Amino acid sequence: MLSKKFLTHAVANAKLATRCMSTEMYKTHNLINGEFVESSTSEWVDLHNPATNELVTRVPKSTPEEMEAAVAAAREAQKTWANTSVMTRQGIMFKFQHLIKENMDALARNITLEQGKTLVDAEGDVIRGLQIVEHACSVTSLQMGETMPGVTKDMDTYSIRVPLGVCAGITPFNFPAMIPLWMFPLANVCGNTYVLKPSERDPGAAMMLAKMAMEAGLPKGVLNIIHGTHDSVNFICDHPDIRAISFVGSNQAGQHIYERGSKNGKRVQCNMAAKNHGVVLPDANKENTLNQLVGAAFGAAGQRCMALSVAVMVGEARNWIPDLVERAKKLKVSSGDQPGADLGPVITPQSKARIERLIQSGLDEGASVPLDGRNIKVDGYEAGNFVGPTIMSNVQPHMECYREEIFGPVLNVLEAETLDDAIAILNNNPYGNGCAVFTNSGAAARKFTNEVDVGQIGVNVPIPVPLPMFSFTGSRGSFLGDANFYGKAGLNFYSQWKTVTTLWKEEDAKTANAEVAMPRIQ
């Protein structure tokens, strides 16, 4: 188990998760060359509990010297880590996944404290990341190369996958455990060292995971953590020793990172914004479909890149909207640590204000709001960043509330006469992260999956996030890069091919009879 000392000095202080009752305040540390060190910066980001807006910790904007030290540590560690046997790296991942399971409760409580999601959802955050670590334990088979003997006379060719070197990751606030676990475990198990910049809004889980990774045997310098905002992102994009960058977050940031990193010769993968549609056909199982829509739209307060934020009701399915509203009304909004809470607060007051502005913009443009979650009051948490479940009907594709990723507990409802019309709505949207169709018709499902231009599709599955043996395959405006996250694509991203061709002439292996006469000078 993680030591109480670490939980105190590394930000988390998971014992506060039931409520931030202590007046003591903790500073988040950098992780450089195996040591958790306090930053010497004069610039800090205050992190508040989203349910209470009480101060939890202060996150540094790491100084240029600290960021440089982190990369230097990774560069030095790379010299030996790249030559560590794959069996050793696999063994560390086995121990790491065990420590994650052992500390599941502490991780979940920290996530609820800093990010706001319910404890059950926070555990799910950790579990989905844990699955990536478990998959990384299969590296001994996943990284096997290719060989062909006798490509021509006496010549053999084989290809192997080798590490890139120093890699970096930039993670968002909405999955404080899962997204870091998409990144550094795969990079490390492939033989790379890593510099991670977690979200400045909730870095505690990443700090705890780093401690566990080192307890599992990860050597000093193999994983380093820096903090900050724009300057730390640009540092990662520009540093010549960083070979690859993984990013999950907004479109604006993703496009900047992809362009700047690529111009500097780096391999870059960026998961970005989304507008995920659920198409409801009138032959679908009504009860199951409505429950799926409510859970996928409002779970995690809608702060998921795969949240189902748009429902397209086809034909007579439009008559289900009042029933959808009634189900959403039953959801309990409260602090994430409270029993029975279905959704917690959104991350910041600024996020809450943006969500409410986009709801109002829909009203101004002619949409209806049969369920309005603005101005919700949560007893005991009046200072929290709460927005209740909101359903907007009569939404049209030209409206700002439809065009923008709201990233809150808001479901846009559009209507379509036919499945073809619904498919056209999806394909005219610029994003391609995920979508779903709800139907009892195999033919309709097959038509939908064949014709929609979206990277991840669910058939009666509202949030079709692939398990780790597959890859996260968002497309179009939701992804930039050539290799997707985790699965085979993720392992390929964090490694490169090296191909060797050998020539050993057959005649060189022939032996002559032993010479027993006196050697002669010729």
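Residues numbered from 1 in each chain as written. Predicted model: local features only at pLDDT ≥ 70, side-chain atom pairs only at ≥ 80, totals over all residues. Heavy atoms only, no water.

The subject of this paragraph is the overall build of the protein. The number of helices and strands found in the protein is 17 helices and 23 strands. Against the globule reference of 24 Å for 522 residues, the protein gives a C-alpha radius of gyration of 26 Å, in line with a compact fold. Over its C-alpha atoms, taken along the principal directions, the protein stretches across nearly 105 × 60 × 40 Å. Going through the 522 residues of the protein one by one, you find that 57% of them count as buried. Total accessible area on the protein is roughly 21,800 Å²; 51% of this is exposed by carbon and sulfur atoms. (Helix = DSSP H or I, 4+ residues; strand = E, 2+ residues; numbered from the N terminus. Rg over C-alpha atoms; globule rule 2.2 N^0.38 Å. Buried < 20%, exposed > 50% of the residue type's maximum accessible area, 1.4 Å probe, protein only. Areas by Shrake-Rupley, 256 points an atom, 1.4 Å probe, with all protein chains shown as cover.)

Before going further, it helps to spend a moment on the sheet that holds strand β23 (residues 495-503). Spatial ordering of the open sheet is given by β6-β7-β23, a layout of three strands whose pairing is antiparallel. At either end of the open sheet lies a strand with only one pairing partner, and these are β6 (146-152) and β23. Strand-to-strand twist of the sheet, defined as the mean angle between neighbouring strand axes without regard to direction, takes the value 25°. Relative to strand β7 (residues 155-163), β6 is paired through four bridges, and the arrangement is antiparallel. Residue pairing for β7: T152 is matched across the bridge by M155. (Pairing = 2+ DSSP bridges. Axes fitted to C-alpha atoms, helices over the stretch in contact; angles between N-to-C directions.)

For the rest of this paragraph, the subject is the sheet that holds strand β15 (residues 368-371). The sheet built from seven strands is open, its strands ordered β15-β16-β17-β14-β13-β19-β20 with mixed pairing. Each of the sheet's edge strands pairs with one partner strand only, and the pair in question is β15 and β20 (457-459). Direction aside, the axes of adjacent strands within the sheet are offset by 25° on average.

For the rest of this paragraph, the subject is the pattern of salt bridges. Opposite charge on two side chains lets them pair, provided their charged atoms get close. Enumeration according to the criterion identifies 24 salt bridges in this entry. D121 is paired through a salt bridge with R304; the nearest N and O atoms lie 3.2 Å apart. One end of the pair, D121, is in helix α5 (residues 119-136); the other, R304, is in the loop between α11 (286-298) and β14 (308-314), and 183 residues separate them in sequence. Here the two residues D121 and R304 agree in accessibility, since each one is buried. The residue K153 makes a salt bridge to D154 at a minimum N-O spacing of 3.1 Å. Taking relative accessible area as the criterion, D154 reaches 23% and is therefore assigned partly exposed. Within the structure, one salt-bridge network assembled from shared partners comprises K153, D154 and E506. (Salt bridge = Lys/Arg side-chain N within 4 Å of Asp/Glu carboxyl O.)

Aromatic ring pairs: the centre-centre distance and the angle between the two ring planes describe each pair. This model, assessed by the stated rule, comprises eight aromatic pairs. A centroid spacing of 5.9 Å and a plane angle of 85° characterise the contact between F173 and F407, whose relative ring orientation is edge-to-face. One end of the pair, F173, is in the loop between β8 (166-170) and α7 (178-189); the other, F407, is in the loop between α14 (400-403) and β17 (410-416), and 234 residues separate them in sequence. Taken individually, F173 and F407 each receive the classification buried, so the pair is uniform in this respect. Seen from their ring centres, Y194 and Y494 are 6.1 Å apart, and the 70° between their planes marks the pair as edge-to-face. Residue Y194 is found in strand β9 (residues 193-197), and its partner Y494 is found in the loop between α17 (487-493) and β23; the two are separated by 300 residues along the sequence. (Phe/Tyr/Trp six-rings, centres within 6.5 Å; stacked < 30°, edge-to-face > 60°.)

The subject of this paragraph is the state of the cysteines. If you walk through the whole model with that rule in mind, you get zero disulfides. Note on C237: no disulfide assigned, nearest cysteine sulfur contributed by C270 at a separation of 8.2 Å. Residue classification places C237 among the buried residues on the basis of a relative accessible area of 0%. Lacking any disulfide linkage, C305 is separated from the closest cysteine sulfur, that of C270, by 13 Å. (Disulfide = S-S within 2.5 Å.)

The next thing to look at is the environment of G340. As for its position among the elements, G340 is in the loop between α12 (321-329) and α13 (349-364). With relative accessibility at 54%, the residue G340 sits in the exposed group. In this structure, the C-alpha to C-alpha distance between G340 and T118, residues 222 residues apart in sequence, is 9.0 Å.

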